[in-house]
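Coordinates in review
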Amino acid sequence: MEETLRFAEETHHGKPQLPLALRLIRNTGVRKRHIVRPIEETLRHPGFEERNRIFEAEAKKRCPRVIEQALANARLSARDIDAIIFVSCTGFMMPSMTAWLINNMGFRTDTRQIPIAQLGCAAGGAAINRAHDFCTAYPQSNVLIVSCELCSLCYQPEDDGIASLLSDGLFGDAVAAAVVRGTGGTGMALERNASHIIPGTEDWISYAVRSTGFHFQLDRRVPGTMEPLAPVLRDLARSHGWDIARLDFYIIHAGGPRILADLSKFLGVDLHMFRHSWATLTEYGNIASAVVLDALRRLFEEDTVTPDATGVIAGFGPGITAEMAVGSWRMPVPASARRLAVPASR
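Summary of the structure given here. Just so it is clear, the structure is predicted and the values come from calculations on it, not from any experiment. (Residues numbered from 1 in each chain as written. Predicted model: local features only at pLDDT ≥ 70, side-chain atom pairs only at ≥ 80, totals over all residues. Heavy atoms only, no water.)

**Quick word on the environment of Thr90**
- You can see Thr90 is positioned in the loop between strand 1 (83-87) and helix 5 (97-104).
- For Thr90, a relative accessible area of 6% gives the class buried.
- Between the alpha carbons of Thr90 and Gly120 there is a distance of 8.5 Å; along the sequence they are 30 residues apart.
- Within the structure, Thr90 has its side chain in polar contact with the side chain of Ser88 (distance 3.3 Å).
- A distance of 2.9 Å separates a polar atom in the side chain of Thr90 from the backbone nitrogen of Leu150. (Helix = DSSP H or I, 4+ residues; strand = E, 2+ residues; numbered from the N terminus. Buried < 20%, exposed > 50% of the residue type's maximum accessible area, 1.4 Å probe, protein only. Polar contact = N/O pair within 3.5 Å; in protein donor to acceptor, adjacent residues only side chain to side chain.)

**Description of the packing of helix 1 (residues 2-11) against helix 2 (residues 18-26)**
- Relative orientation of the contacting elements helix 1 and helix 2 amounts to 170°, with a least axis distance of 11 Å. Comparing the axis directions of helix 1 and helix 2 gives the class roughly antiparallel. Contacts between helix 1 and helix 2 pair Thr4, Leu5, Ala8 and Glu9 from the former with Leu18, Leu22, Ile25 and Arg26 from the latter.
- The residue inventory of the contact of helix 1 with helix 2, partitioned by class, reads five nonpolar, one polar and two charged. (Axes fitted to C-alpha atoms, helices over the stretch in contact; angles between N-to-C directions. Parallel < 35°, antiparallel > 145°, perpendicular 65-115°, else oblique. Contact = heavy atoms within 4.5 Å. Nonpolar A, V, L, I, M, F, W, Y, C, P; charged D, E, K, R; others polar.)

**As for the nonpolar core**
- Of all hydrophobic cores here, the largest spans 76 residues; its most connected members are Leu233, Ile252, Leu263 and Phe316.
- Counting residues per element, this core draws most heavily on helix 8 (residues 226-239), which supplies seven residues.
- By size, the runner-up hydrophobic cluster in this structure holds 26 residues, among which are Ile81, Phe86, Met93 and Val146. (Core = buried A, V, L, I, M, F, W, Y, C linked by side-chain atoms within 4.5 Å.)

**Some words on helix 5**
- When helix 5 is considered as a whole, its buried residues turn out to be Met97, Thr98, Ala99, Leu101 and Ile102.
- Buried residues belonging to helix 5 abut helix 4 (48-74), strand 1, strand 2 (112-116) and strand 3 (142-150).
- One or two residues past the end of helix 5 sits Gly106, with phi positive at roughly 85°.

Written out as structure tokens, the structure reads:
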């Protein structure tokens, strides 16, 4: 945070909007972020072509390690994966990164490719939901989700509006991966998912695509969108027979502190229940589609969730779009219990 404020003061010294921007950045709650290039290099714009070349090189360098860890956590090999969902809104590749992964990491040549490029921060939730849909259609399948968000490569030195300066102090870089298994495994058993778009808000979060690349645009009304989205989350839980205010865990996209504070207020949920999302925001910043995967990692590592605990995942992004899922926590069945188990009807 201290470095961010210092570089912002140096880069935009004397501009009238700087004091307000600095105050807003301080209020984000972000204390540390990671970026793929040194800050001095990041603050220079080498051109859209070079930025995209860096994105491709860094994605190929950094994604394999998290994929290998995700496969190991799921106790699967690359050959066991039936579909790869790759999400990013910070770089462009065609063929998709999915093709490179198949060719270089031992995945089968008939692995389905599902790249998602234009859902921004909501793409983490969307990837989980599409994996859920795929495994519902093909119950013996396994889906790999990969998120690669190198937000620093979208920094635009000439953009000095309040929204741009705020985003410069909020977003961080991250790669993440997770496996959704059709059967077996440990973690959140996905039971129901939903999508929702707030009408008339499609220009509230957007990219202006210019010769210099992606220029992030953020409307000042975006932080207030949790009020209309809270009832949508409540209805999803109710349709599943649950009370959204009484779940055991909450994995929420941490777009900023007000997002979490407003959801706490409008859902009637103690702010402590959002601690995993808060920790991601504090330690990594807003890492776009990777937020929900990192918050899930923290939930796993906390290791306090009991079998059949109920929870929700929610990602928010351009549209304004919400991607949501509810489910229960599943633990491995001990061998002694398996010997006594009666086969289920489904």
